[in-house]
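For reference, the chains in residue letters:
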Amino acid sequence: MKKSIVFSVLILTLAISSFTSQESKRTLPSVTVKTLDGKPFDTKNISNDGNPIIISFWATWCKPCIQELTSVSEVYDDWQEETGVKLVAISIDNARTSVKVKPLVNAKEWEYDVYLDENGDFKRAMGVNMVPHTFILNGKGEIVWQHTTFSEGGELDMIDIVRKIKNGEEIK
C-alpha cells in the first residue's frame, strides 16, 4: 500500500512539473496590429528563421522606452551580425497619439519592424501593464525571458540572453 501511494505521488509530481515547464514556454498570440503604413498584420506571423526575437512594447510618451530602443539601435547591426536577432517594436500609442510614431521612428533611424497596437489588444494578450516591457523569444518562437523598465546598460542583459539562446543554453 505504501509503495503505491509513493508511486502515485511521484507520478503526480512529474505530471505537475511537466505541465509547469510547458506552461512557461508560451508563444505569441494571434492579434491584428497595424504596420506604420496602416496595413493589418497578424502577430502570429512575427518570425525570424529560427533566430531569437526581441519584442519591445513602447510608447512615444515613454522616455525609458525611447532610451531603450535608441540604445539597442546603436549596436543593432552588430547584434544582428553576431546572433541573427530581430527586434520588433510594438507601439502602444492610441489612435490619437499614434500619428507621432512614424516620424519618431524615422527621426531616430530605427531599423526595426515597428507595429501599432492602437486598441491595446496585443498588449492585453501579452499581459503588458507598463512600458517598456520587453520579451525575448527563442528560435522556436517561445517566450523565454521578459523584463519591465529600462536603465542604462539594460541592453547588455538583452544581448546576453540572446547569446545564450544562440548557444543553446537554457534561460532561467
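Here the structure is a predicted model, which is why all the values come from computation and not from measurement.

Draft legend 1. Expanded view of the overall build of the protein. Scanning the protein from terminus to terminus reveals 5 helices and 7 strands. From first element to last, N terminus to C terminus, the protein shows the α and β order α-β-β-β-α-β-α-β-α-β-β-α. With the model as given, the accessible surface of the protein reaches about 10,000 Å², and the carbon-plus-sulfur share is 52%.

Draft legend 2. Looking closely at the nonpolar core. Counting 48 residues, the largest nonpolar core has Ile55, Phe57 and Trp58 as its most contacted members. Put simply, the parts of the chain that give this core at least two residues each are β3 (53-58), α2 (63-83), β4 (86-91), α3 (101-108), β5 (113-116), β6 (133-137), β7 (143-148) and α5 (154-166). In terms of residues, this core owes the most to one element, α2, which gives 6 residues. Beyond its immediate chain neighbours, meaning those up to four positions away, Phe57 contacts Cys65, Ile90, Ile92, Asp117, Phe122, Lys123, Met126, Val128, Val131, Pro132, His133 and Phe135.

Draft legend 3. Broad picture of the sheet that holds β4. In spatial order, the strands read β2-β1-β5-β4-β3-β6-β7; together these 7 strands make up an open sheet with mixed pairing. Two strands bound the open sheet, and with one partner strand each, they are β2 (40-42) and β7. Strand after strand, the sheet turns through a mean of 30 degrees between neighbouring axes, direction not considered. The sheet contact formed by strand β1 (residues 32-35) and β2 spans 3 bridges and is antiparallel. Across the sheet, the residue bridging to Val33 is Phe41, located in β2.

Draft legend 4. The arrangement of a negative patch on the surface in detail. Together, Asp77, Asp78, Glu81, Glu109 and Glu111 line one region of the surface with negative charge. You can see Asp78 is positioned in helix α2.

Draft legend 5. Representation of α3. Within α3 the residues assigned to the buried category are Val101, Leu104 and Val105. Looking down the long axis of α3, one finds its buried residues gathered within 100 degrees of arc, a one-sided arrangement. Remark: Glu109 follows α3 within two positions and exhibits a positive phi of approximately 55 degrees.

Draft legend 6. The confidence of the model for the protein, seen in detail. Across the protein, the average pLDDT comes to 88, with 86% of residues at or above 70. Here residues 4-23 is a poorly scored stretch, pLDDT under 50, and it has 0 contacts once near neighbours within four places are set aside; other chains count.

Draft legend 7. Quick look at the pairing of β1. Linking β1 back to β2 in an antiparallel pair, the connection comprises 4 residues, with Gly38 at a positive phi of about 85 degrees. In this structure, β1 lies alongside β5, joined through 2 bridges in antiparallel fashion. Opposite Lys34, over in β5, you have Leu116 as the bridge partner.

Draft legend 8. Looking closely at the side chain of Ser98. In this fold, Ser98 is placed in the loop between β4 and α3. Since its relative accessible area comes to 9%, Ser98 is described here as buried. If sequence neighbours within four positions are ignored, Ser98 has contacts with Asp93, Leu116 and Glu118.

Draft legend 9. Here's a closer look at the packing of aromatic side chains. Counted under the stated rule, the structure contains 6 aromatic pairs. Taking 4.4 Å as the distance between ring centres and 15 degrees as the angle between the ring planes, the aromatic pair formed by Phe41 and Tyr115 counts as stacked. Placement of the pair is Phe41 in strand β2 and Tyr115 in strand β5, with a sequence separation of 74 residues. Judged by its relative accessible area of 10%, Tyr115 falls in the buried class. Measuring from centroid to centroid gives 5.9 Å for Phe57 and Phe135, while their planes differ by 75 degrees, and the two rings are edge-to-face. Pair noted here: Phe57 is in strand β3 and Phe135 is in strand β6, with a separation of 78 residues, a long-range link. In this structure, Phe57 and Phe135 share a single accessibility class: buried. Here the aromatic cluster, defined as three or more aromatic residues joined through ring pairs, consists of Trp58, Tyr76, Trp110 and Tyr112.

Analysis parameters
Residues numbered from 1 in each chain as written. Predicted model: local features only at pLDDT ≥ 70, side-chain atom pairs only at ≥ 80, totals over all residues. Heavy atoms only, no water. Helix = DSSP H or I, 4+ residues; strand = E, 2+ residues; numbered from the N terminus. Areas by Shrake-Rupley, 256 points an atom, 1.4 Å probe, with all protein chains shown as cover. Core = buried A, V, L, I, M, F, W, Y, C linked by side-chain atoms within 4.5 Å. Buried < 20%, exposed > 50% of the residue type's maximum accessible area, 1.4 Å probe, protein only. Contact = heavy atoms within 4.5 Å. Pairing = 2+ DSSP bridges. Axes fitted to C-alpha atoms, helices over the stretch in contact; angles between N-to-C directions. Patch = residues over 30% accessible without salt bridge, like charges linked within 9 Å, V, L, I, M, F, W, Y side chains within 5 Å. Salt bridge = Lys/Arg side-chain N within 4 Å of Asp/Glu carboxyl O. Lys, Arg positive; Asp, Glu negative; His and termini not counted. Charge placed at Lys NZ, Arg CZ, Asp CG, Glu CD. Arc of directions from axis to C-beta. pLDDT = per-residue confidence, 0-100. Phe/Tyr/Trp six-rings, centres within 6.5 Å; stacked < 30°, edge-to-face > 60°.

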